[in-house]
Amino acid sequence: MNPLLSRLQAYPFERLRQLFAGITPKPGYHHISLGMGEPRHATPALIQRALSDSLAGLSNYPATAGEPALRTAFTAWLRRRYDLSLDPASQVLPINGSREALFAFAQTVVDPGQPGAIVLCPNPFYQIYEGAALLASAQPYFVPSVAERNFAVDWDSVPEEVWQRTQLVFTCSPGNPTGAVMPLSEWKKLFDLSERYGFVIASDECYSEIYFRDEPPLGGLEAAALLGRGDFLKLVSFTSLSKRSNVPGLRSGFVAGDAAILKSFLLYRTYHGCAMSPIVQAASIAAWGDEDHVIENRAQYRDKFAQVTPLLRPVLDVALPDAGFYLWAGIAARFHGDDVAFTRELFALYNVTVLPGSFLARDVQGCNPGAGRIRMALVAPSAECVQAAQRIVDFVGPSTNLSS
Ligand SMILES: Cc1ncc(COP(=O)(O)O)c(C=O)c1O
């Protein structure tokens, strides 16, 4: 067996299952999950129709690079969303959701022959980054993202000798779980560092279309173009339909950016055997071509967050995020920073599942930046999320000291 497999950590939902093992929630409350970030708004009819209309595609092997019409759908969307002009032939590729691609990307860009290779990840972070780094024979290095800095990743804290060994940097903007969006100044810093040290940036942007401010989140490629880096050197963005169009089961997204890197990524993917089904390609073309359903989807999240956030504010340290569909909240002092105990008790007494923040981060020098926080995915219908919030209010109680 590949010995690197033994370095993989249990996934947060597996740890949650173990945490709840043997607990029977107090009767009287039906279960509400704010745990998993799985979109639960309805899949738009136009995507379902495109799927059923394209079943004839089953009789063909698809090309790994995707049909020209699909690649043009990606570049047309990039033009509308970010005012960018990318070459459909060389600067985009289809992926089967961003998860597999984030993983496969590390296998493509990391050179295991260079001793001490490092992959940088924000902390807290989406756990695939860590597994991708480990299985690429690299060492993940976790860069803190904490409330004191408004959840901006503290790139300045990375030592020089770590930058020198860094081959790949994962960014996540809008962030999971924090909801923070990287500003242009942060992108500039990373691009300058990438130029100096030669690392590649994998920009995970799967929450880019769910936002609460007037202006949409800045994209990595958009930032590069604004900074005069229109060739997207050493930069690849990962975009997905899962959250934008409520199709996590479709497994569809795309990567865009540095043409030379995508050429190697295509080679890797050809052998990996992860071409997108022709049916999914047809549905994806329909999805990328329509913004009405995205606007409607965003409106649903905005309405839900506007209802739930004020309810929780008296009992949790919580604010409306820039973007994404998570609330990343600090727990009250009486829980002594124990997000795991908070999660367990809430489940036992009120049958509400949240995710302990410490499960989403790693201890670095004795500090876990997720400790004392919980992640709530507001993916269920509004009424259910409001009900969950009311139960959390009852659970925490009225007289709460939030300076935990
Ligand atoms: C930060 C982040 N990146 C990537 C993904 C993967 O999404 P998908 O594979 O559905 O595109 C997720 C899913 O929850 C996520 O939270």
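Residues numbered from 1 in each chain as written. Predicted model: local features only at pLDDT ≥ 70, side-chain atom pairs only at ≥ 80, totals over all residues. Heavy atoms only, no water.

Draft legend 1. Broad picture of the site of the ligand. Contacts to the ligand come from 15 residues, most closely from Ser98, Asp204, Tyr207, Ser240 and Ser242. At 2.7 Å from an oxygen atom of the ligand is found a side-chain nitrogen or oxygen belonging to serine 98. Only helix H4 (98-109) and helix H9 (241-244) provide two or more residues apiece to the shell around the ligand. No other element matches H4, which puts three residues into the shell around the ligand. Each residue belonging to the shell around the ligand can be placed in one class, and the counts come to six nonpolar, five polar and four charged. (Near = heavy atom within 4 Å. Polar contact = N/O pair within 3.5 Å; in protein donor to acceptor, adjacent residues only side chain to side chain. Helix = DSSP H or I, 4+ residues; strand = E, 2+ residues; numbered from the N terminus. Nonpolar A, V, L, I, M, F, W, Y, C, P; charged D, E, K, R; others polar.)

Draft legend 2. View of the sheet that holds strand E9 (residues 326-330). Spatially, three strands are ordered E9-E12-E11 in an open sheet, and the strand pairing comes out antiparallel. Edge positions in the open sheet fall to E9 and strand E11 (355-356), since each of these has one partner strand only. Here five bridges tie E9 to strand E12 (residues 373-377), and the two strands are oriented antiparallel to one another. Among the inter-strand pairings, tyrosine 326 is bridged to a residue of E12, identified as alanine 377. Where helix H12 (residues 292-312) meets the sheet, it contacts E9 and E12, and its direction lies at approximately 5 degrees from that of E9. (Pairing = 2+ DSSP bridges. Contact = heavy atoms within 4.5 Å. Axes fitted to C-alpha atoms, helices over the stretch in contact; angles between N-to-C directions.)

Draft legend 3. Molecular detail of the packing of aromatic side chains. For the structure on display, the rule yields 26 aromatic pairs. Ring centres 5.2 Å apart and planes at 45 degrees place the aromatic pair tyrosine 29 and tyrosine 350 in the tilted group. Of this pair, tyrosine 29 sits in the loop between helix H1 (12-20) and strand E1 (32-33) while tyrosine 350 sits in helix H13 (residues 339-350), and the two are 321 residues apart along the sequence. The exposure class of tyrosine 350 is buried, given its relative accessible area of 14%. Ring centres of tyrosine 126 and tyrosine 129 lie 5.8 Å apart, and the angle between their planes is 80 degrees; this geometry places the pair in the edge-to-face category. A network of ring pairs unites the aromatic residues Tyr29, Phe335, Phe342, Tyr350 and Phe395 as a single cluster. For arginine 15, the ring lying beneath its charged end belongs to phenylalanine 359, and the centroid distance is 4.1 Å. (Phe/Tyr/Trp six-rings, centres within 6.5 Å; stacked < 30°, edge-to-face > 60°. Buried < 20%, exposed > 50% of the residue type's maximum accessible area, 1.4 Å probe, protein only. Lys NZ or Arg CZ within 6 Å of the ring centre and 35° of its normal.)

Draft legend 4. How the structure looks around helix H11 (residues 278-288). Listed as buried for H11 are Ile279, Val280, Gln281, Ala283, Ser284, Ala287 and Trp288. As for H11, its buried residues are in contact with helix H2 (45-52), helix H3 (68-82), strand E7 (235-240), H9, strand E8 (253-257) and H12.

Draft legend 5. Highlighting unusual backbone geometry. Across the junction of serine 173 and proline 174, the peptide omega takes the value -5 degrees, indicating a cis bond. Checked against the element boundaries, proline 174 lands in the loop between strand E5 (166-172) and helix H7 (184-197). Residue proline 177 follows asparagine 176 across a cis peptide bond; omega there is 15 degrees. The residue proline 177 is located in the loop between E5 and H7 in this model. Its identity is not glycine, yet lysine 234 carries a phi of approximately 60 degrees, on the positive side. Its place among the elements puts lysine 234 in the loop between helix H8 (220-226) and E7. Positive phi, normally seen in glycine, also occurs at asparagine 246, with a value near 55 degrees. Here asparagine 246 falls in the buried class, since its relative accessible area comes to 4%.

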